[in-house]
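# Inside the fold
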Amino acid sequence: ADASIAGTIKDPVINGTLGSSNLSFFDPSSNIRLRDVESDIILNGRTITVHKLTAKDENYGRVSIVGTVGLQEITSPNFNLTANARSYHLLQGRNYDGHINADVAIQTIGNDSHQISGTISADEVLITLPDRFGKSIPELNIVEKEGEAGEGFLSKLALDLTLDANNQIFVR
């Protein structure tokens, strides 16, 4: 990595490059493991260009991301990214396990709105139901503090995804 940051917190200007090869990553909360992480990212003022961001899972699945993120408005980034996955082991837990294929775009559409679009298909998903379920149903008490509700990033995010199970979801 070789980068310089100038400007202010509210109006930063970032220039440089980020490159990596043969990195590993593990997130214990989701049990996601990535290996052979490679990146080639250019920081050019207020634009981040991802020429290459690739990784493999613990088997032979692959995920890659390319595209740009514009930071002309630091609080409202402009996305033009594509992500692809092939036999990627995304779902990993005690009661579920699954590989997916995906071709997804993350784009800014219109005035400060964003969209995730594309296709996600199951390569194979296994869901194991527990032998016993609890006898009580938990109650969720959602409380919004006054003044906290508003136009956050997620409220400006539209989804246009096709989920294709391909007869590859199995429940035991």
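My aim in this report is to walk through the structure given alongside it, one point at a time. (Residues numbered from 1 in each chain as written. Predicted model: local features only at pLDDT ≥ 70, side-chain atom pairs only at ≥ 80, totals over all residues. Heavy atoms only, no water.)

With that settled, consider the overall build of the protein. When its secondary structure is counted, the protein shows 0 helices and 10 strands. Across the protein, helices and strands are ordered from the amino to the carboxyl terminus as β-β-β-β-β-β-β-β-β-β. For the protein, whose C-alpha radius of gyration is 20 Å, the value lies well above the compact-globule estimate of 16 Å for 172 residues. Among the 172 residues that make up the protein, the fraction classed as buried is 23%. Across the protein, contacts joining residues at least 24 apart in sequence account for 42% of those joining residues at least 6 apart. Put simply, the protein shows about 12,200 Å² of open surface, and 54% of that area lies on carbon and sulfur atoms. If you average the places of the 14 positive and of the 22 negative side-chain charges in the protein, the two averages end up 6 Å apart. (Helix = DSSP H or I, 4+ residues; strand = E, 2+ residues; numbered from the N terminus. Rg over C-alpha atoms; globule rule 2.2 N^0.38 Å. Buried < 20%, exposed > 50% of the residue type's maximum accessible area, 1.4 Å probe, protein only. Contact = heavy atoms within 4.5 Å. Areas by Shrake-Rupley, 256 points an atom, 1.4 Å probe, with all protein chains shown as cover. Lys, Arg positive; Asp, Glu negative; His and termini not counted. Charge placed at Lys NZ, Arg CZ, Asp CG, Glu CD.)

Right, let's talk about a nonpolar patch on the surface for a bit. On the surface, L90, L91 and Y96 cluster together into a nonpolar patch covering about 240 Å² of accessible area. Considering the arrangement of structural elements, one finds L90 in strand β6 (residues 78–92). For L90, a relative accessible area of 34% corresponds to the partly exposed category. (Patch = residues over 30% accessible without salt bridge, like charges linked within 9 Å, V, L, I, M, F, W, Y side chains within 5 Å. Salt bridge = Lys/Arg side-chain N within 4 Å of Asp/Glu carboxyl O.)

Both faces of the sheet carry side chains from a regular strand, because those side chains alternate between them. Sheet topology places strand β1 (residues 2–7) next to strand β2 (residues 12–27); 6 bridges connect them, and they run antiparallel. Counterpart to S4 in the pairing with β2 is N15. Linkage of β1 to β2, two consecutive antiparallel strands, is achieved through a turn of 4 residues. In terms of strand pairing, β2 meets strand β3 (residues 32–45) through 11 bridges, oriented antiparallel. Paired with L18 across the strands is I41, a residue of β3. (Pairing = 2+ DSSP bridges.)

For the rest of this paragraph, the subject is unusual backbone geometry. Backbone geometry at N31 places phi at a positive 65°, although glycine is not the residue there. With respect to the helices, strands and loops of the structure, N31 is situated in the loop between β2 and β3.

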